[in-house]
Amino acid sequence: MHTAAVVGTGLIGTSIALALTARGVTTHLIDRDPDRVRIAAARGAGTPEPPSAPVDIAVIAVPPSYTARTLADHQKAELARVYTDVASVKALPHAECLALGCDTTTLVGGHPLAGRERSGPLAARAELFQDHHWVLTPSPDTSESALNRALELVSLCGAVPVLLDPPDHDRAVALVSHLPHLMATLTAARLREGEEYAVRLAGRGMRDATRVASGDAGLWADILAANATALAPLLTELSADLATAAHALSRLSATDPEPEATADALADLTAILHRGVEGRSRITPPYDGPGARPHTVLSVTLGGRDRPLARLLDDVDAARLELTGLELTGPELTGPDPAVTGLPHAGATPAAADSVGLKVAPDVAHALTEALRNRGWTVR
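How each quantity is defined
Residues numbered from 1 in each chain as written. Predicted model: local features only at pLDDT ≥ 70, side-chain atom pairs only at ≥ 80, totals over all residues. Heavy atoms only, no water. Helix = DSSP H or I, 4+ residues; strand = E, 2+ residues; numbered from the N terminus. Buried < 20%, exposed > 50% of the residue type's maximum accessible area, 1.4 Å probe, protein only. Contact = heavy atoms within 4.5 Å. Areas by Shrake-Rupley, 256 points an atom, 1.4 Å probe, with all protein chains shown as cover. Polar contact = N/O pair within 3.5 Å; in protein donor to acceptor, adjacent residues only side chain to side chain. Phe/Tyr/Trp six-rings, centres within 6.5 Å; stacked < 30°, edge-to-face > 60°. Lys NZ or Arg CZ within 6 Å of the ring centre and 35° of its normal. Pairing = 2+ DSSP bridges. Axes fitted to C-alpha atoms, helices over the stretch in contact; angles between N-to-C directions. Parallel < 35°, antiparallel > 145°, perpendicular 65-115°, else oblique. Left-handed = near helix turned anticlockwise from the far one by under 90°. Nonpolar A, V, L, I, M, F, W, Y, C, P; charged D, E, K, R; others polar. Core = buried A, V, L, I, M, F, W, Y, C linked by side-chain atoms within 4.5 Å. pLDDT = per-residue confidence, 0-100.

A. Summary view of the overall build of the chain. Broken down by element type, the chain carries 13 helices and 11 strands. In the chain, which comprises 380 residues, the proportion classed as buried is 37%. The contacts in the chain between residues at least 6 apart in sequence include a share of 72% that link residues at least 24 apart. Summed over its atoms, the accessible surface of the chain is roughly 20,200 Å², and 56% of this surface lies on carbon and sulfur atoms.

This is how it looks when you write it as structure tokens:
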């Protein structure tokens, strides 16, 4: 790949452009908003000049409801040899592309599963897609050369390709992305009427649970509407669980409840919580033993007693990235005995030149490496 065009210079489009430009691909930036193009270009994402000939690939990075029309217009103008998009819904845009007579032989639907709570070109990062899944949804008409070009795009952005049919993709993201976003938004909305002292007590748990609620409301309304068919049944199921939980709590809060009613209500509430534990375990399997998740070990040089382990752990915590374990090398630690978990006590201080192995999920490794290096640590 030598040339590319990115149509839509928001968070995702500009991040793709930054990644491609960093890999030596001449990238042309296109957007109806000239200010966004200027900002993206100023950040080094590419050139605002139009290409003089069809580029190798064009990335349509606009909301789902605009994807098909934007694709049709640029195919008509012969912008590229191959086209892909980044819409987080696939079935509806694909059907609209067919209705508009788009050339599906050169089209590969796409959706990089990465993002931030911020939007726009200023929030873009070249490493945004590193080790994240990137779904591709080629149709039966898609040519092999078009699919290979889309796979090359995914590789250049450092992502992991996953091939799915559009309906399968939409059901999957309804469960793991769209439903959580809506729940985070509804939870955050409760804060609008909360007492000031209550809001001030909000800690990391509440901030993490509602982080994505800061996203662009207009864009997310477009996304949820486009995936209504897959999302509505999940909301119906969730509504039933919420009703069960609300009824159980109402019985538990009743004045002088019957012991049997209290036991039944507590059993209903506990059953819901157990189901949550079981569901969570499907995306967070153990890092050791049968079926263990793959992990990456980052080696961090502690540099002697002036950089105690406690400070390193504080910096990891400040980066707000999940650490799954530690591995220590070198002389024995001085200080308190390790905890029952096998992890060293945070107050322990390794001897000079010791290093610590930080065990993390592969998709966390790059972000944690950068965060720690920014704080002065040597990370390998």
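From this point, things continue past the structure.
B. Highlighting the side chain of T106. Structurally, T106 is set in the loop between α4 (91-99) and β5 (107-112). Given a relative accessible area of 17%, T106 falls into the buried group. Within the structure, the side chain of T106 is placed 3.3 Å from the backbone oxygen of D103, a separation counted as a polar contact. Sequence-distant contacts of T106, defined by excluding residues within four places in its chain, comprise Q75, R81, V82, Y83 and A146.

C. Structural context of unusual backbone geometry. Backbone geometry places E78, a non-glycine residue, at a positive phi of 55°. Locating E78 in the fold gives a position in the loop between α3 (64-76) and β4 (83-85). Although it is not a glycine, D131 sits at a positive phi angle of roughly 65°. For D131, a relative accessible area of 33% gives the class partly exposed.

D. Broad picture of the packing of aromatic side chains. Counted under the stated rule, the structure contains 1 aromatic pair. With centroids separated by 5.2 Å and ring planes inclined at 50°, the aromatic side chains of F129 and W134 adopt a geometry described as tilted. The exposure classification of F129 matches that of W134, with both residues buried. When the ring centre of Y66 is taken as origin, the NZ or CZ atom of R32, which lies over that ring, is 5.7 Å away.

E. The arrangement of the sheet that holds strand β7 (residues 160-163) in detail. Taking strand neighbours across the sheet as the criterion, the 7 strands line up as β2-β1-β3-β4-β5-β6-β7 in an open arrangement whose pairing is mixed. Strands at the two margins of the open sheet, each flanked by one partner only, are β2 (26-30) and β7. Between one strand axis and the next, the sheet turns by 25° as a mean value, whatever way the strands run. Two strands pair when backbone bridges link them, and strand β3 (residues 57-60) and β4 are joined in this way by 3 bridges, in the parallel orientation.

F. Region of the structure containing the packing of helix α6 (residues 166-189) against helix α10 (residues 228-252). Orientation of α6 relative to α10, taken along the N-to-C sense of each, is 55°, at an axis distance of 9 Å. What the angle tells us is that α6 and α10 run oblique. Along this stretch, α6 crosses α10, giving a crossing that reads as right-handed. On the side of α6, the interface is formed by D170, R171, A174, L175, H178, L179, L182 and M183, while α10 contributes A230, L231, L234, L235 and L238. Here the residues of the contact of α6 with α10 sort into 10 nonpolar, 1 polar and 2 charged.

G. Spotlight on the nonpolar core. Ranked by internal contacts, the top residues of the largest apolar core, which has 36 residues, are I16, L20, F129, W134 and L153. Counting only elements with at least two residues in this core, the list comes to β1 (3-7), α1 (11-22), α2 (34-42), β3, β6 (133-138) and α5 (144-156). No other element matches α1, which puts 7 residues into this core. The next biggest cluster of nonpolar side chains, apart from the first, holds 19 residues, and it includes V316, V356, L358 and A361.

H. Looking closely at α2. Two or three places before D35, at the start of α2, stands the capping residue D33, its side-chain oxygen 2.9 Å from that residue's backbone nitrogen. Trailing α2 by a residue or two, G44 shows a phi angle of about 90°, which is positive.

I. Seen up close, the confidence of the model for the chain. Predicted confidence across the chain gives a mean pLDDT of 88, with 89% of residues reaching 70 or more. Predicted confidence for residues 331-353 stays below pLDDT 50, and this span has 34 contacts to residues more than four positions away or in other chains.

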